[in-house]
Amino acid sequence: MTTTESAPSTEYRVIGTNPVRPDGVDKVTGRAVYGADVRLPGMLYGKVLRSPHAHALVKRVDASKALALPGVHAVLTNADFPEPLEPVMQTVRGPQPTRWDTERILAGRKVLFRGHPVAAVCATDPHVAEDAAALIEVEYEVLQAVATLDDALAPDAPILHDDGLASLVDGLFDPVDGKPSNIARQFTLGFGDLEAGFAQADIVLERQYETAMYHQGYIEPHNATAVWNRDGKVTIWTSTQGAFGIRQNVARVLNLPLGDLRVIPAEIGGGFGAKNVVYLEPIAALLSRKTGRPVQLTMNRTEVLEATGPTSGTRSWIKVGATKEGKLLAADVRLEFEAGAYPGSPVAGGARCALGPYVVPNQRVVGLDVVLNRPKTAAYRAPGAPAGEFPVESILDELAEQLDIDPMELRLRNCTALGMPRSDGAVQGNIGAREVMQAVISHPHYRSETVGADIGRGVAMGFWQNGGGESSAYAMVHADGRVTLVTGSVDIGGQRAALAMQFAEAMGIAYEDINSLVGDTDTIGFTGNTGGSRTTFATGWAVYQAAMDVREQLEQRAARIWECAADEVAYDPSDAALHGPDGKVMTFKEAARRLPGTGGMIQGQADIVSTNVGKVGACFGAHIADVHVDRETGKVTVLRYTAVQDVGKAIHPAYVEGQIQGGAVQGIGMALNEEYVYDSNGRMLNASFLDYRMPVANDLPMIDTVLVEVPNPGHPYGVRGVGEVPIIPPLGAIANAIHDAIGVRVTSLPASPRVILELLDEQAGGA
Amino acid sequence: MAKIAYTLHVNGEDHEVYAEPNLTLLEVVRDELRLTGAKEGCGTGDCGACTMHLDGENVTSCLVLGVEAQGRDVLTIEGLAQDGKLHPLQQAFIDHGALQCGFCIPGMILSGVALLERNPHPTREEIRQGIAGNLCRCTGYTKIVDAIEAVATGVAH
């Protein structure tokens, strides 16, 4: 059951309905072409040889036996990468050595995680390539692995980045006691006077929490197919959330002009943030250059788990002070995030979001980005926020318990609002945080009693600021009144439908008359990655502007036909028609039919930067979880689950629900099932879907959703990004529900049976 | 490895295969017959993306050798729509918004069809059990269960 709560607002024709997606039939018939389904004439198959060690120097690579195997065409090592044109690259996290990218993609001097690629081979057949990879001899000098946060932060820790590359850029690592360290970045957010805040508090709580490393868990493994043509032009087909990001990255490591590299995004089998990263594409391209033939590489599941994604394992410390009425006065938060082998954990996201739903007048959030011998972390849905907000949502539950205040009521007393500062200094815009909290308090699930032994209920909030950025769209009007709409946004969750719906609304035409497509880097203008919950918002803006462009051109055309001034003609989407002087009317279909004879076909287009046209709307969600804990086995079963979220305006409510349900289940996986298990040498012990345990259908109840609609005034249809937030609240909601059920506080996630049984033992021992 | 010739009966048609005997049914169907609807998500039988029917029974085709399927009826997602009309479950998946990225969907639908063939009126619990071998990371399964339930109860068109 889904309920939608929205203020009476603009009547829409298309927005708010649930038409079928344009990619539906292809996906249910098996016809959709994903990256690994691409087949080109004469194609070779590549395989990557990966390090069995988490930390080692690569002393020698000898591929002679591999090259002698019949069917093998080429072997690639780090030495095949060109010397970068610019030794320092600009990244979203500031300047970094360019060779860090090539070293990560194919190690040269040193391997920094188990699964780190050291060589690649291509052959006529994937099995031959696999055999050949096994014949490549690599001599390693094994170094002590930095396997845990404690290892990494120890005073005598081995230093991962001890070579000249790290010294190319000042301040990449924070010295500790004048010595190099593995701390890539330490920063502090906040404002107010912490000491004064705690001094005024009636109650102060201080706790520590941990979350495991998790993988994004997309079912489709990474893949890349490349052709390096004799004329120097390169084409890459890949499974990515953003063709332009891949183009930028590949061009940089291969010294290619952007215009010589075409990246075609194949249908994508899930990404959740991690398919913005380049892994196989440059390898496929260089192997194609060596052989003159198309080359395809596909990872297996072990490679995906050991060498792509994941998100950071984290450790956090938090102290909060409040009045006895539950008003927060001060919060001090410290987040330590594992970055993996190279700097760049999402700790900044975690720090920005941790206190996001609340007004805390005196606050400090410290973030640490720590490198260690694990794969370099990648974005995962609301990057950093689940681990950043879990400590806050847990300690607030404890605060509510100690003050005997309803946990959602306590949150409501501290709810943020329009104009309130965030930890990073930004100011909250028009948001629906209060509406979400109130919707929880009045929801039948929240108002019902939990019945039965060892059953409990928990709630938690989630906040994500959402993204904007750059997007392009064009719309070709055909003579029969149909429209082809092309955008640069890869479709991972129904964007083709959500974008076509916005275009249909702006034009007043039927959704079914629009053919909605995803372009590639040579057929559409620059568009940022599909991520950060930016697409329906920012590319929606581009689509809206493209519709305005079509409308304006149609008005000019009608003025020519009617022999009047263009400003005497107006396009009205409510009847999809042009209106001119003396009551003249021409429908969109009629105007389209007359285009060929009156000056030719038209095409509307737009390239927007969202900050120039609108304003991103931040998103809040709250989840209610009921669980049962089996005291014998330690198993936690989710019995009932409700996700409440401010969605701005749901363009396609069913797909918005799908985003919320999918995100919530990924968060439930973080709370209960999933974790990377490593040994002390940095070897992952559960690198398969059997042992890395993602939720399956019979683990879960139905995920009920409540769509609260507080429109974002920064978008023509009120859109807020909706995809990120739902992964955040489950961690706190479930941990709090477990406490309600059996009286123990889970401070280390996942709450696996082992963790629950240990807590129950402690409880029994302490009683 | 020396190739051998054999016949596979896939989606009602005989296909002559000439391939290495160590290739899995998934590899033969994808690479030799070029039916790429079945996907490889893990290669170890854990994710269900490669699900096919073998004599009407669900199998993870990454764990079956191509040669083992000789003389048996293989159904892949490409063979499910009949006479140009989608199977009711395929239509229900579209209508209920039960798919997002779509990568798991061919396997998920074939598991759903197998379930409905052995149990035409499953409860929601039985549906969850019936598709527990198919991982989906996008949807959280709720709308997938809805789609299968709609076909089972005749609500779907």
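Residues numbered from 1 in each chain as written. Chains lettered and ligands numbered in written order. Predicted model: local features only at pLDDT ≥ 70, side-chain atom pairs only at ≥ 80, totals over all residues. Heavy atoms only, no water.

A separate point is the overall build of chain A. Within chain A, the regular secondary structure consists of 21 helices and 30 strands. For chain A, whose C-alpha radius of gyration is 27 Å, the value lies close to the compact-globule estimate of 27 Å for 767 residues. The 767 residues of chain A split such that 63% are buried. Sequence-distant contacts, at least 24 apart, represent 80% of the contacts inside chain A between residues at least 6 apart. Carbon and sulfur atoms form 50% of the exposed surface of chain A, whose accessible area is close to 26,400 Å². Across chain A, the mean location of the 65 positive side-chain charges is 4 Å away from that of the 90 negative side-chain charges. (Helix = DSSP H or I, 4+ residues; strand = E, 2+ residues; numbered from the N terminus. Rg over C-alpha atoms; globule rule 2.2 N^0.38 Å. Buried < 20%, exposed > 50% of the residue type's maximum accessible area, 1.4 Å probe, protein only. Contact = heavy atoms within 4.5 Å. Areas by Shrake-Rupley, 256 points an atom, 1.4 Å probe, with all protein chains shown as cover. Lys, Arg positive; Asp, Glu negative; His and termini not counted. Charge placed at Lys NZ, Arg CZ, Asp CG, Glu CD.)

Quick look at the pairing of strand S1 (residues 4-10) of chain B now. Along any regular strand, the residues point their side chains to alternate faces of the sheet. Residue and element names in this part refer to chain B. Bridge analysis of S1 against strand S2 (residues 13-19) gives seven bridges, and the strand direction is antiparallel. Residue pairing across strands places Tyr6 opposite Val17, the latter belonging to S2. From the end of S1 to the start of S2, which pair antiparallel, there are two residues, and Asn11 there has a positive phi angle of about 50°. When S1 meets strand S5 (residues 73-75), the two strands line up parallel, connected through two bridges. Residue Val10 lies in a different strand from S5, and its bridge partner there is Val74. (Pairing = 2+ DSSP bridges.)

Listed as interface residues are 45 residues of chain B and, on the opposing side, 53 residues of chain A. Both faces considered, chain B and chain A share a buried interface measuring about 3,900 Å² in area, 57% of it formed by carbon and sulfur atoms. Its largest share of buried area at the contact with chain A, chain B owes to Gln100(B), Leu135(B) and Arg137(B), together 21% of the area lost on that side. Inspection of the chain B/chain A interface yields five salt bridges. Here Lys143(B) ties to Glu657(A) by a salt bridge, and the two come within 2.5 Å at their closest N and O atoms. (Buried area = accessible area lost by both parts, 1.4 Å probe. Salt bridge = Lys/Arg side-chain N within 4 Å of Asp/Glu carboxyl O.)

All names here are of chain A. Counted under the stated rule, the structure contains 54 salt bridges over all chains. Here Arg496 and Glu267 are joined by a salt bridge, their closest N and O atoms 2.7 Å apart. Pair noted here: Arg496 is in helix H15 (residues 495-507) and Glu267 is in the loop between strand S14 (261-265) and helix H8 (281-291), with a separation of 229 residues, a long-range link. Comparing Arg496 with Glu267, the two get one shared label, buried. Between Asp679 and Arg683 there is a salt bridge, and its shortest N-O distance comes to 3.7 Å. With a relative accessible area of 38%, Arg683 lands in the partly exposed category.

Moving on, we get to the domain arrangement of chain B. All names here are of chain B. Domains assigned within chain B are domain 1 (4-79) and domain 2 (88-153). Between the C-alpha centres of domain 1 and domain 2 there is a distance of 21 Å. Taken residue by residue, the interface counts 15 residues in domain 1 and twelve residues in domain 2. Buried area between domain 1 and domain 2, summed over both chains or domains, comes out near 1,100 Å², and the portion from carbon and sulfur atoms is 63%. The interface formed by domain 1 and domain 2 includes zero salt bridges. Counting across the domain 1 and domain 2 interface gives five residue pairs in polar contact (both at pLDDT 80 or more). No other element matches the three residues that strand S3 (residues 51-54) contributes to the side of domain 1 that touches domain 2. Among the residues forming the side of domain 1 that touches domain 2, the class breakdown is five nonpolar, seven polar and three charged. (Domains from an automatic or database assignment. Polar contact = N/O pair within 3.5 Å; in protein donor to acceptor, adjacent residues only side chain to side chain. Nonpolar A, V, L, I, M, F, W, Y, C, P; charged D, E, K, R; others polar.)

Now for the sheet that holds strand S18 (residues 362-371) of chain A. Residues and elements named next belong to chain A. Read across the open sheet, the six strands follow the order S10-S18-S17-S16-S11-S30; overall the sheet is mixed. The open sheet terminates on both sides in strands that have one partner only, identified here as strand S10 (183-191) and strand S30 (748-749). Strand contacts of helix H11 (residues 385-403): strand S11 (203-211), strand S16 (314-322), strand S17 (328-340) and S30, with the helix running at about 145° to S11, the strand carrying the most contacts. (Axes fitted to C-alpha atoms, helices over the stretch in contact; angles between N-to-C directions.)

This part takes up the nonpolar core. Membership of the largest hydrophobic core comes to 182 residues, with the highest contact counts inside it found for Ile738(A) and Phe93(B). By residue number, the principal contributor to this core is H11(A), which donates nine residues. Leaving out residues up to four positions away in the same chain, Phe93(B) has contacts with Val28(A), Ala98(B), Leu99(B), Ile105(B), Met108(B), Ile109(B), Ile144(B), Ala147(B) and Ile148(B). (Core = buried A, V, L, I, M, F, W, Y, C linked by side-chain atoms within 4.5 Å.)

A few words now on the domain arrangement of chain A. Residue and element names in this part refer to chain A. Taken domain by domain, chain A comprises domain 1 (429-464 + 616-767) and domain 2 (473-612). A straight line from the C-alpha centre of domain 1 to that of domain 2 covers 40 Å. Counting residues at the interface gives 16 residues for domain 1, matched by 17 residues for domain 2. When the area that domain 1 buries against domain 2 is broken down by residue, the three leading residues are Ile651, Pro716 and Tyr717, summing to 38%.

By the criterion of burial, H8(A) is predominantly enclosed, with nine of the eleven residues buried. Restricting attention to buried positions, one finds in H8(A) the residues Glu281(A), Pro282(A), Ile283(A), Ala284(A), Ala285(A), Leu286(A), Leu287(A), Ser288(A) and Thr291(A).

Residue and element names in this part refer to chain A. Tracing the backbone through its elements, the reader meets Ala66 in helix H2 (residues 64-68). With a relative accessible area of 0%, Ala66 lands in the buried category. Taking the C-alpha atoms as reference points, Ala66 and Asp131, 65 residues apart in sequence, are found 8.0 Å from one another. Ala66 has contacts with Val72, Val75, Ala132, Leu135 and Ile136, leaving out every residue within four places of it along the chain.

All names here are of chain A. Locating Leu205 in the fold gives a position in strand S11. Here the alpha-carbon distance between Leu205 and Pro343, two residues 138 residues apart in the chain, equals 32 Å. Apart from residues no more than four positions distant in its own chain, Leu205 is found in contact with Ile318, Lys319, Val320, Ile395, Glu398, Leu399 and Gln402.

Residue and element names in this part refer to chain A. Given a relative accessible area of 12%, Arg496 falls into the buried group. A polar side-chain atom of Arg496 sits 2.7 Å from a polar atom in the side chain of Glu267. Not counting the four nearest positions on each side in its chain, Arg496 is found in contact with Pro22, Asp23, Lys27, Glu267, Asp491, Ser516 and Val518.

Below, the discussion takes up unusual backbone geometry. Put simply, Leu749(A) and Pro750(A) share a cis peptide bond, and its omega is 5°. Tracing the backbone through its elements, the reader meets Pro750(A) in the loop between S30 and helix H21 (753-766). Look at Asp404(A): it is not a glycine, yet its phi comes out positive at around 55°. A relative accessible area of 71% means that Asp404(A) is categorised as exposed. In this structure, Tyr141(B) is a non-glycine residue whose phi angle is positive, near 75°. Within the fold, Tyr141(B) resides in the loop between helix H4 (124-130) and helix H5 (142-152). A residue is classified by how much of its surface remains accessible, and Tyr141(B), at 0% relative accessible area, is buried.

Below, the discussion takes up the packing of helix H19 (residues 653-673) of chain A against helix H20 (residues 729-742) of chain A. Pairs of packed helices are described in terms of their axes, by the angle between the two and the distance that separates them. All names here are of chain A. Where H19 meets H20, the axes come as close as 8 Å, and the angle between the chain directions of the two elements is 50°. Relative to H20, the element H19 is oriented oblique. Of the two elements, H19 crosses H20, and the hand of that crossing is right-handed. The segment H19 lies against H20, with Ala664, Gly667, Ile668, Met670, Ala671 and Leu672 engaging Pro730, Leu731, Ile734 and Ile738. (Parallel < 35°, antiparallel > 145°, perpendicular 65-115°, else oblique. Left-handed = near helix turned anticlockwise from the far one by under 90°.)

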